[in-house]
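# Close look at the chain arrangement
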Amino acid sequence: MRVSEINSFIVNYKNNQYNYSPYNTPVRRFGTVSFGQRYPVIQTYSQFRKFGIKMGAHCLYCNNILTFDNSMINSWKNQKLFQAPIKVFTSELKPYSKSLHNTEETIFNIISNISKKSPSARLSTVIKILSVQSNKKLLNEQIPVFKQLAEAARELPPEYQKQIYGLLNKNRARLLRIPNIEEFSAKDFKYKIKKLSLSMENNKAYKDIKHLSELLTIPDLKLTESDITPEVLERIRRTIAEADRNPNYVLSKKAKKSRNILKSTIVNKIKEAAASVNRTDIKKLCEDAEKRINGIPVAGKFSNKAFCYDLNAILENFDNKELKKKLFDIAAQLPTSEGSIHAFIIKHADASSDTIGYNLFEPSAITIEHMQPSSLNGPDLLRNWAFACKRCNNKRQSEDMNEFFKMFKQSNAVKYWNQIIDWCNKGYFSFEDTTEMLKIFKRQCSSIKINSNKKLQYLPGINV
Ligand SMILES: [Zn+2]
């Protein structure tokens, strides 16, 4: 009985290989099929991602086609494709550009056009030049939103009004690049360093930058009263000694006494590490941080995310929901680097070619979405996995899927499941796994009806 089952499976498996797949790739490629183990052939994240890329899977939410994963982006980066002349960059990566989200695809096409005239220019230079025009266009969109916010804030009680106007003034100065005294935020600095170093190679400079920036958020560096503990001083000394390749590195007496000098010392070491690998963007960030630590005015850079975060923090306990919503709705009109090519360009005006290349591709990389979020006990099994782009996956986190899907066309889900059902009918997924996948989806997203009953076929021999 067992033998005949396996035989019939093998026959179908071969059919499957030659008759159905437009890619002429044996199913075996995605996993090892051995006797006694028929399905699932896809058991690991990597097998699932490779399958999705090979077969042209779409994002469950935005429906973008998924043609590359993070490891491919890293290999492009390691091959120095992002630093290469734009002629090489655009011609090598053209096949993947169709799967970029709209904003990134438009920018890719702009760069592609420029490469016809200036083939040897680099990504960072092109973005820098484009930023002059984009700056004006972006300001034309941002300033009216600020005016609306200032107008709406007049309805707020005085204590809130004062804070909102403070926030608006600080950010208006940032928009217009007017130097302003701003407090140094270790958390914000660390976040930005983390983002920028994503596009770095995993070398000594990368590790030094990572370890050094972690020092800045040690709670002891925040307190202003008591002395800094010897343990903390020794940890900082050791980390700097490591970055400095000098085990006998000594912290100056002044640094031991003053938190600001200590912070400056750390930031300065990060700057040196960044300079050693020509990361001018990280160097610039450090220079601004040193000024902030020492109370020197800085022409800060406007960040939509930071602005909304601060707005949220101010209004967190404000109980007039209607007015709060009004303010957030106005703020939501501010262009983002996700939805506006000008905002993307301005965000990357001082960025390295590696960061620009990485950020163009990363949001469109294939990822594995756990339909029932892992944090809500979603099983880590094929039946709970779906294909999603990184942007959608990051955005949803563990949000209710019915709510999250309101941002997208419901037909995207229908298209997605038609593709999965098709693959099941061709023998790539087991009947059991596919029905379980659909069950989990229907439980997570009851608002969208997927009519799978008629289409999903039980194929004895192929599916279990
Ligand atoms: Zn998506």
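As the structure is a prediction and not an experimental result, all values here were calculated from the model.

## Quick look at the overall build of the chain
The secondary structure content of the chain amounts to 21 helices and 2 strands. On the principal axes, the C-alpha backbone points of the chain span a range of 80 × 60 × 55 Å. When the 464 residues of the chain are sorted by exposure, 34% land in the buried category. Long-range pairs, those at least 24 residues apart, make up 70% of the contacts in the chain between residues at least 6 apart in sequence.

## Observations concerning the environment of D400
On the secondary structure map, D400 appears in the loop between helix 18 (390-396) and helix 19 (401-404). Sequence separation between D400 and M371 is 29 residues; the distance between their C-alpha atoms is 9.8 Å.

## Focus on the packing of helix 8 (residues 186-197) against helix 13 (residues 280-293)
Taken N-terminus to C-terminus, the directions of helix 8 and helix 13 make an angle of 170 degrees; their axes are 10 Å apart at the nearest point. As the angle between them shows, helix 8 and helix 13 are arranged roughly antiparallel. Contacts from F189, K192, I193 and L196 of helix 8 reach helix 13 at D281, I282, L285 and A289. The residue makeup of the contact of helix 8 with helix 13, split by class, is 6 nonpolar, no polar and 2 charged.

## Some remarks on helix 10 (residues 230-244)
The terminal C-alpha atoms of helix 10, which comprises 15 residues, lie 20 Å apart, in line with the 21 Å expected from a rise of 1.5 Å per residue. For helix 10, the complete set of buried residues consists of I236, I240 and A243. For helix 10, the angular spread of the buried residues around the axis is 55 degrees, confining them to a single face. Exposed and oriented more than 90 degrees from the buried face of helix 10 are P230, E231 and E234. At its buried positions, helix 10 is contacted by helix 9 (204-215) and helix 12 (259-276). Phi for R245, located one or two positions after helix 10, is positive at around 50 degrees.

## Digging into unusual backbone geometry
Not every positive phi belongs to a glycine, and K80 is a case in point at roughly 60 degrees. Residue placement: K80 occurs in the loop between helix 3 (70-78) and helix 4 (86-97). Owing to 14 C-beta atoms within 10 Å, K80 belongs among the partly exposed residues under this scheme. We note that R177 has phi near 55 degrees; this positive angle belongs to a residue other than glycine. C-beta crowding within 10 Å serves as the criterion here: with 13 such atoms nearby, R177 is assigned to the partly exposed category.

## So, the pairing of strand 2 (residues 385-389)
Most of strand 2 is tucked away, with 5 of its 5 residues classed as buried. As paired strands, strand 1 (residues 366-370) and strand 2 are joined by 5 bridges and run antiparallel to one another. Of the residues in strand 2, the one forming a bridge with I366 is C389.

## Description of the nonpolar core
In terms of nonpolar packing, the biggest core is built from 61 residues, with C59, L60, F387 and A388 touching the most fellow members. Ranked by the residues each element gives to this core, the list is headed by helix 20 (residues 410-425), at 6 residues. Not counting residues within four places of it along the chain, the set of residues in contact with A388 comprises C59, L60, Y61, T367, E369 and N393.

## Section: helix 5 (residues 102-117)
Here helix 5 spans 24 Å end to end across 16 residues, near enough to the 22 Å set by a 1.5 Å rise per residue. Against the buried residues of helix 5 lie helix 4, helix 6 (123-153), helix 16 (341-347) and helix 17 (353-361).

## Some words on the confidence of the model for the chain
Overall, the prediction assigns the chain a mean pLDDT of 88, with 90% of residues at 70 or greater. Taken as a whole, residues 1-38 scores under 50 in pLDDT and shows 36 contacts with residues more than four places along the chain or in a different chain.

## A word on the packing of helix 12 against helix 13
Taken N-terminus to C-terminus, the directions of helix 12 and helix 13 make an angle of 165 degrees; their axes are 9 Å apart at the nearest point. Relative to helix 13, the element helix 12 lies roughly antiparallel. Here helix 12 runs over helix 13; the crossing is left-handed. From helix 12, N260, K263, S264, V267, N268, I270, K271, A274 and A275 reach across to helix 13, where they touch I282, K283, C286, E287, A289, E290 and I293.

## Topic: the environment of T103
Summarising the element assignment, T103 is placed in helix 5. Overall, the presence of 20 C-beta atoms within 10 Å leaves T103 in the buried class. In the structure, T103 is positioned 234 residues away from S337 in sequence and 8.0 Å away in space, judged by C-alpha atoms.

## Focus: the environment of D69
Tracing the chain through its elements places D69 in the loop between helix 2 (45-55) and helix 3. Spatially, the C-alpha atom of D69 lies 4.8 Å from that of A365, the residues being 296 residues apart in sequence.

Conventions and cut-offs
- Residues numbered from 1 in each chain as written.
- Predicted model: local features only at pLDDT ≥ 70, side-chain atom pairs only at ≥ 80, totals over all residues.
- Helix = DSSP H or I, 4+ residues; strand = E, 2+ residues; numbered from the N terminus.
- Buried ≥ 20, exposed ≤ 12 C-beta atoms within 10 Å, placed from the backbone.
- Contact = placed C-beta atoms within 7 Å.
- Axes fitted to C-alpha atoms, helices over the stretch in contact; angles between N-to-C directions.
- Parallel < 35°, antiparallel > 145°, perpendicular 65-115°, else oblique.
- Nonpolar A, V, L, I, M, F, W, Y, C, P; charged D, E, K, R; others polar.
- Expected span 1.5 Å × (residues − 1).
- Arc of directions from axis to C-beta.
- Pairing = 2+ DSSP bridges.
- Core = buried A, V, L, I, M, F, W, Y, C linked by C-beta atoms within 7 Å.
- pLDDT = per-residue confidence, 0-100.
- Left-handed = near helix turned anticlockwise from the far one by under 90°.

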